[in-house]
There are 2 protein chains.
Amino acid sequence: MNRRSFLEMVGLAGGSAAVYQMMNVMGLAAPSTYTQPSLGTGGQGKKVLILGGGLAGMVSAYELQKAGYEVQILEYRNIAGGRCWTIRPGDEYTELGGDKQVCRFDKGQYLNPGPWRVPHNHQAYQHYAREFGVKLEVFPMINHNAYIHRESGTKQRQGQLMIDMQGHVSELLAKAVNQKALDQAVSTEDKGKLLEALKGWGLLDKNYAYSKSLATSFYRGYDRDPGARLEPGTPSTPIALDAILKEDLWTDLNTGLLYEFHSTIFEPVGGMDALAKAFENRVGRFITYRARVTGIKQDASGVTATYEDASGATKTATGDYCICTIPLSILSQIPMTGVEPKLVDAIKKVPYGPSFKAGVQYKRRFWEQDEAIYGGVTYTDQTMALMSYPANNYNSKGKGVVLGAYMFGPDAVKFTGMTPEARLKEVVRQNTVIHPQAEKEFDNGISVGWHRVPWALGCYGLYSDSTREQYYPTLSALHDRFILAGEHISYWNAWQEGALLAGVTAVDMIHQAASKA
Amino acid sequence: MNRRSFLEMVGLAGGSAAVYQMMNVMGLAAPSTYTQPSLGTGGQGKKVLILGGGLAGMVSAYELQKAGYEVQILEYRNIAGGRCWTIRPGDEYTELGGDKQVCRFDKGQYLNPGPWRVPHNHQAYQHYAREFGVKLEVFPMINHNAYIHRESGTKQRQGQLMIDMQGHVSELLAKAVNQKALDQAVSTEDKGKLLEALKGWGLLDKNYAYSKSLATSFYRGYDRDPGARLEPGTPSTPIALDAILKEDLWTDLNTGLLYEFHSTIFEPVGGMDALAKAFENRVGRFITYRARVTGIKQDASGVTATYEDASGATKTATGDYCICTIPLSILSQIPMTGVEPKLVDAIKKVPYGPSFKAGVQYKRRFWEQDEAIYGGVTYTDQTMALMSYPANNYNSKGKGVVLGAYMFGPDAVKFTGMTPEARLKEVVRQNTVIHPQAEKEFDNGISVGWHRVPWALGCYGLYSDSTREQYYPTLSALHDRFILAGEHISYWNAWQEGALLAGVTAVDMIHQAASKA
C-alpha cells in the first residue's frame, strides 16, 4: 500500500481531521489553521447579510452562496476589495479632510497602498489563489544587495552585514570554546563538532578568525569581482563588529526571517487587488455598492442594517444572520441595537494603527542600473523607515515605481499631516539621502495615510495584551445572529490571511447555528 | 551641480575609468569587472574566425561585427548556445555512447541542463539581458521552506535551521560573555552592545536563552499557525544544537550566502537559452552550423581552421585572428600547428568536471500543494545531492518539472553510467525518500551527464591552485593571432558570466593587436 492510498483509507475511516493528523505524522502537512469550509447545501431558504465588501465579506459571500444561502453585501465604495487595493494611472483618491490626489503613474505602473506581500504560509490566500488562478510572482523579501542605511551616512549591503554578523559571532564563540570557557555547557564531543560548525557556518580561517580574504569574499563579495583572464578578484574588508554594534546595524537583518516573510513570499502579478477582483467577479452580483451603513439592529428573527444609498436615500437590508466586516474604527461610530452591551463596548476598545505609504515614480530604474538592487527592501533610520523596489519588470528600460516610504505610528501621522505635495517632497528628499540619483529622477507620486482613508480610518486593529485578553474573545464570538469578521478578528492582524480566515470561520459558525435553528 | 552632471564632467575629462572611480567613491558602482567594449569602427577589412557558437563565441562576434570586423563562427551543432541550453518537449538528445533520449515533457515545461541561474552581480549578463530585452524572473535561491534532508530520515525546514543556528550560537556566546570569559577580547562598552545584539539577532529571552516560545515561533514558525478568532498559534520546538551538530545540518545553510547566489538571483523566463537565442538572432547569419573543427593552423598572416561540414566534406575557414571557444576537453584532441607548444601543453592540462542533472516531470506540483515549497532547493546527503523546484507558474494546477538530481564528481559518473531509464528510476527513488508522493506522481524525465555531452565532454574547466598557477596565464594570453575564450578563461568557472567576460576581453585584446598591426 502506498502512502496516498493509506491516507485515502485513513480519510474514509476517520474523516479529514484524521487525515490531517496522519499527514502531520508523515511530515507532509503545513501547520495552517485554514480548512476549506464544507457546508454542503444546507443554506436554502436562509439569508446572510454581509456588511463590507473586502476580502472577509467576499469570502463569506462566496462560501455561503455555494451552500445555497442567499447573500447580500453592503459596500461603502463603488468597488469591492477594501484594504486589498491597488492604485493605477488615472485613479483618484480623496482622503478624509478633502485632499484629492490623482495617480499620474505611467501605464502599467501601480502602488499597493495596503497589503503588498503574500506569504507562502498563508494557506487560505494560497487556496483561493489556486482556485481562482491568481498569478503570483516572487517578492524578494530578502535582498542581500539592498541597504541598511543610517542618517549618520552609513550604508551597508544587507548580505555583507548578515555574513559579517555570523562571522564575528562565530569567531568570538570559538575563542570562548577554545579558552574552555564553556566546558560546563558543551560536552567534549559536542565541542569538536561545535568548533567545526563555527568554522564552516562562520567562515572562520584555520585560526578560527573571521578575516579579510578571498575565502570570506567568496561569500560577502569583492572589492573588485573575479573576472576573465588574470582577474582573480580583490578581497573585500569585513565590516568590523564594533561598527555593526555601534549603530545597531543588525536590527533589520532578521526581518526576512520572520515567519510570514519566509521565502518564498509573493505578490500577485499586476497588483494586490487581483484576489479581490477574482472574488468580485464571483460575488459582485450580490454587492450593493455605495451603501453607507448607518445603523445595525438585531432582533429575534434577524439583523437589519440601515444604509444611505448612492442617491442619499435611506434604505434597509435584512438577513437571518449578519457578518459584519466593517473596521472597528468605523463600526464603533455606527449605532447598534439588539446586541449585548459587552460587544458594543468591546468594539470601541480596539484602536486602529496609523500608517503611511508613498508610491514614487522615478524616471529610470537607477537602483537596478546603478546599484544592482532588484526588488527587496532597504531599511533606514530616517522617518521614511523603508524603501521597496519593484519586484517585476526587472531590467526594463522605462520608469519604475518604488514604495518610497512606509511607516507606522507617530511618523505616519506626521507625514499624513502635510499636504500631498509636501509629503512627496520629503519622501524624495529622504530617498535622495540613500540614493543620490533620486532627486533628479523624480517623476511623480501618490500617498496614502491609512488613518485618513474614509473606509478604514486606520491600518489595522491594534491589540495590546490587555485588549486581547479583555475584549477579543467577545469580538470573536457569535452573538445570536451577528458575528464580526476581518483581519481584526484574527492573530494575523493587518494581513489578508486574517481577513480570509475570519470570514471562513464566520461562515462555519453561522452555518452551525443555522443548521441547529 | 548635481551628481549626474558632475559624473558627466568627470567622464568628459577623464574617460570611463575616471567615471568608474568616481562612482566608486560615491558608493554607486558595483565591483563588476565588466566594461562594455568600445571598439569604434576600427575593424574594417579584418576578419576574425570564431570557433564555437556558445555565449563566448557569440558575444565576440556581436561586438566585433559592430566595430566593422568580418566574423565567421564555426559551430559543431545545428543550433547555437553551447552549454547555455534548454531541453523542451520533442527535443532529442544523443549522448556519447549512443544513448538517445527524447524529451516527453508537457508543452511549456523544460529543463536547463547547463546553467540554470543568473546572479544579479553578473553584470556582463545583466548588460546584455537589458540590451536584448531578455526577461528575468526571480529564482528563490534561499527557500526557508525547502528541506535539509539526511538519509537517516532527518528532514528539517531550512528557515528553522537558520534561525535555530543563530539562536543557539547567540545563547552560548551570551553565556560566555556573561561569565566574563571574553573580557579581554571585548571592551566593557562593546559588551553591553554585544549582549543587546545577541538578544535581538539571536532571539534570546530575558535570561539570554534561546527557547521554545511564541516569541521564537514568531520567526521559526508554529506547530499550529495563528488563525482567526481564538487561535493564537502553538509554539514550535527549536531543533536542539546537538541534533544540528550531529548531522552537520548547518552545512548547506550558507549556500544562499555565496556571493553569486546573493538575492536577487534570476532565471530567464521560458528557459536559460533566452540569452543564447537573443545573440543567435543577431549573429546567426555569421554562423556555419554543423562544422566539426578538425585542425587549427596559425601562420604569419592568420589562422585557418579545417572542419568537416554537414555533408562530411572537409573545408577550411580563415581569419586574420581567431577566437577559440572550444572547451579544452575537446580542443586538446584537435591538432594545432603554428601555436607555441606551451599553449598546446597547457590546453591538455586542465581536466573538465563531470556532472549530472535529471529533469523529472511530476503529474502534480505536490511540493507546493502538500508542502508549501515554492521554488528553491532541497539539499540531501543522498547521491542525488539536491532537488530544485520550478521557479515559475506557482500554484498552477498541472504538471511540473523539478530538477530531480544535480551532482558533480564520482556520483555524477556513477549516475551517467546507468541507462537513461535506470538513472530516472534511481532519481525518483531518492526523490521519494524526501517526498513520499514522488513515486506515485512520476510522469517522465530526461537526464544529461555533461562528461557524455558530445560538444562539451565535461561540465566546466576544473582548475587546481597548481594548474591555475602553471597553465592559466598561458591559456589567458593572446598568442600572436590566436586567443582562447569561454568560462574556462575566467574566475567564474561554469558560469555564463565567465564565458561573456572571456569573450569581451578577447575582443578587446584582438582589437588592440589589430589596431597596432
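Everything below is about the structure printed above this text.
Residues numbered from 1 in each chain as written. Chains lettered and ligands numbered in written order. Predicted model: local features only at pLDDT ≥ 70, side-chain atom pairs only at ≥ 80, totals over all residues. Heavy atoms only, no water.

A word on the overall build of chain A
Keep this limit in mind: Put simply, DSSP H or I for four residues or longer makes a helix, DSSP E for two residues or longer makes a strand, and each gets a number counted from the N terminus. Buried, partly exposed and exposed residues are distinguished by accessible area as a fraction of the type maximum, computed with a 1.4 Å probe on protein chains only: under 20%, between the cut-offs, and over 50%, respectively. In this description, contact between two residues means that some pair of their heavy atoms is separated by no more than 4.5 Å. Here the Shrake-Rupley method, with its probe set to 1.4 Å, supplies the accessible areas, and only the displayed protein chains count as covering residues. Only four residue types enter the tally: Lys and Arg on the positive side, Asp and Glu on the negative side; His and the chain ends are excluded. The location of each charge is read from NZ of Lys, CZ of Arg, CG of Asp or CD of Glu.
Summing up its helical and strand segments, chain A has 17 helices and 24 strands in all. Its C-alpha atoms give chain A principal-axis dimensions of roughly 80 × 65 × 45 Å. Within chain A, the fraction of its 517 residues that count as buried is 62%. Residue pairs in contact within chain A that sit at least 24 positions apart in sequence constitute 69% of those at least 6 positions apart. Here chain A has roughly 19,100 Å² of accessible surface; of this, 51% comes from carbon and sulfur atoms. In chain A, 53 positive and 52 negative side-chain charges are present, and the distance between their average locations comes to 3 Å.

Observations regarding helix α2 (residues 55–66) of chain B
All names here are of chain B. To keep it simple, the criterion reads: What a helix should span is 1.5 Å times the count of its residues minus one.
End to end, α2 covers 16 Å across 12 residues, agreeing with the expected 16 Å (1.5 Å per residue, within 8%). Burial runs high along α2: 10 of the 12 residues are buried. All of the buried residues along α2 are L55, A56, G57, M58, V59, S60, A61, Y62, E63 and L64. Backbone geometry just downstream of α2 places G68 in the positive-phi region, at approximately 95°.

A short note on the side chain of B:N254
Heads up, the condition is: In the analysis that follows, any N or O atom pair within 3.5 Å is treated as a polar contact, provided that within protein one partner can donate a hydrogen and the other can accept it, and provided that, for residues neighboring in sequence, both atoms belong to side chains.
Tracing the sequence through the fold places B:N254 in the loop between α7 (241–246) and β11 (265–268). For B:N254, a relative accessible area of 4% translates into the label buried. Polar side-chain contacts of B:N254 include one of 3.1 Å to the side chain of A:Q166. Residues within four places of B:N254 in sequence aside, it is in contact with A:Q166, A:G200, A:W201, A:L203 and A:Y219.

Looking at the pairing of strand β14 (residues 302–308) of chain A
Residue and element names in this part refer to chain A. Rule in force here: By this definition, two strands are paired if DSSP reports at least two bridges between them.
For strand β13 (residues 292–299) and β14, the ladder comprises 7 bridges, and the chain directions are antiparallel. Among the inter-strand pairings, Q298 is bridged to a residue of β14, identified as V303. Turn length for the β13-β14 hairpin, with the two strands adjacent in sequence and antiparallel, is 2 residues. In this structure, the hairpin formed by β14 and strand β15 (residues 314–319) is closed by a connection of 5 residues, where G312 is found at a positive phi of approximately 95°.

Observations regarding the packing of aromatic side chains
Filter applied, for reference: Within 6.5 Å between ring centres, the rings of Phe, Tyr and Trp (the latter by its six-membered ring) count as paired, and their orientation is classed by plane angle as stacked under 30 degrees, edge-to-face over 60, tilted in between. We call a charge positioned over a ring when the NZ of a Lys or the CZ of an Arg lies within 6 Å of the ring centre and within 35 degrees of the ring normal.
Applying the stated rule across the entire model yields 59 aromatic pairs over all chains. Here the aromatic rings of B:W85 and B:Y93 are separated by 5.3 Å at their centres, their planes lie at 70°, and the arrangement is edge-to-face. Accessibility classification places B:W85 together with B:Y93 in one group, the buried group. When the centroid spacing of 6.4 Å and the interplanar angle of 25° are considered together, the rings of B:Y259 and B:W492 count as stacked. Separated by 233 residues along the polypeptide, B:Y259 in the loop between α7 and β11 and B:W492 in the loop between β24 (482–484) and α17 (496–516) bring together distant segments of the chain. Neither residue differs from the other here; B:Y259 and B:W492 are each classed as buried. Through a chain of ring-to-ring contacts, the aromatic side chains of A:Y34, A:Y62, A:Y128, A:F132 and A:F279 assemble into a single cluster. Sitting over the face of the ring of A:Y491, A:R468 holds its NZ or CZ atom 4.0 Å from the ring centroid. Looking at B:R468, its charged tip hangs above the ring of B:Y472, at a distance of 4.5 Å from the centre.

Re the interface of chain B and chain A
A common measure of how large an interface is: the accessible area buried when the components associate. What counts, and what does not: Here's the idea: put two parts together, see how much 1.4 Å probe accessible area each one loses, and the total over both is what we call buried area. The term salt bridge refers to a side-chain nitrogen of Lys or Arg lying within 4 Å of a carboxyl oxygen of Asp or Glu.
Facing 111 residues of chain B, the contacting portion of chain A comprises 111 residues. Together chain B and chain A conceal approximately 9,700 Å² of surface at their shared face, both sides included; 61% is due to carbon and sulfur atoms. When the buried area of chain B at its contact with chain A is split by residue, B:R130, B:W201 and B:R229 rank highest and sum to 10% of it. Inspection of the chain B/chain A interface yields 2 salt bridges.

Overview of the relation of the copies chain B and chain A
The cut-off we apply is this: C-alpha atoms of residues with pLDDT of at least 70 in both copies form the basis for the least-squares superposition of the copies.
The operation relating chain B to chain A is a screw motion whose rotation component is 180°, with 0.0 Å of axial translation and a residual RMSD of 0.0 Å. This pairing of chains is accounted for by a two-fold axis.

A short note on the sheet that holds strand β6 (residues 136–138) of chain B
Judged by pairing direction, the sheet is antiparallel, and its 3 strands sit side by side in the order β5-β11-β6 (chain B) without closing on themselves. A strand with exactly one partner marks an edge of an open sheet, and here the two such strands are β5 (118–119) and β6 of chain B.

So, the nonpolar core
As a reminder, the rule being used: By convention a nonpolar core is built from buried Ala, Val, Leu, Ile, Met, Phe, Trp, Tyr and Cys residues, the set being connected through side-chain atoms within 4.5 Å.
In terms of nonpolar packing, the biggest core is built from 292 residues, with A:L475 and B:L475 touching the most fellow members. Ignoring any residue separated from it by four or fewer positions in sequence, one finds B:L475 in contact with B:L328, B:L343, B:A346, B:I347, B:V350, B:Y463, B:L484 and B:I489.

Things to note about the pairing of strand β19 (residues 377–380) of chain A
Residues and elements named next belong to chain A. Of the two faces of β19, the one lined by V377 and Y379 and the one lined by T378 and T380 are each fully buried. Bridge count between strand β7 (residues 147–149) and β19: 2 bridges; the pairing is parallel. Bridging across to β19, H149 finds its partner in T380. Taken together, the 3 bridges between β19 and strand β20 (residues 386–388) define a ladder with antiparallel strand orientation. Bridged to T378 within β20 is M387. Here β19 folds back onto β20, and the loop between the two strands holds 5 residues, one of which, A385, carries a positive phi near 70°.

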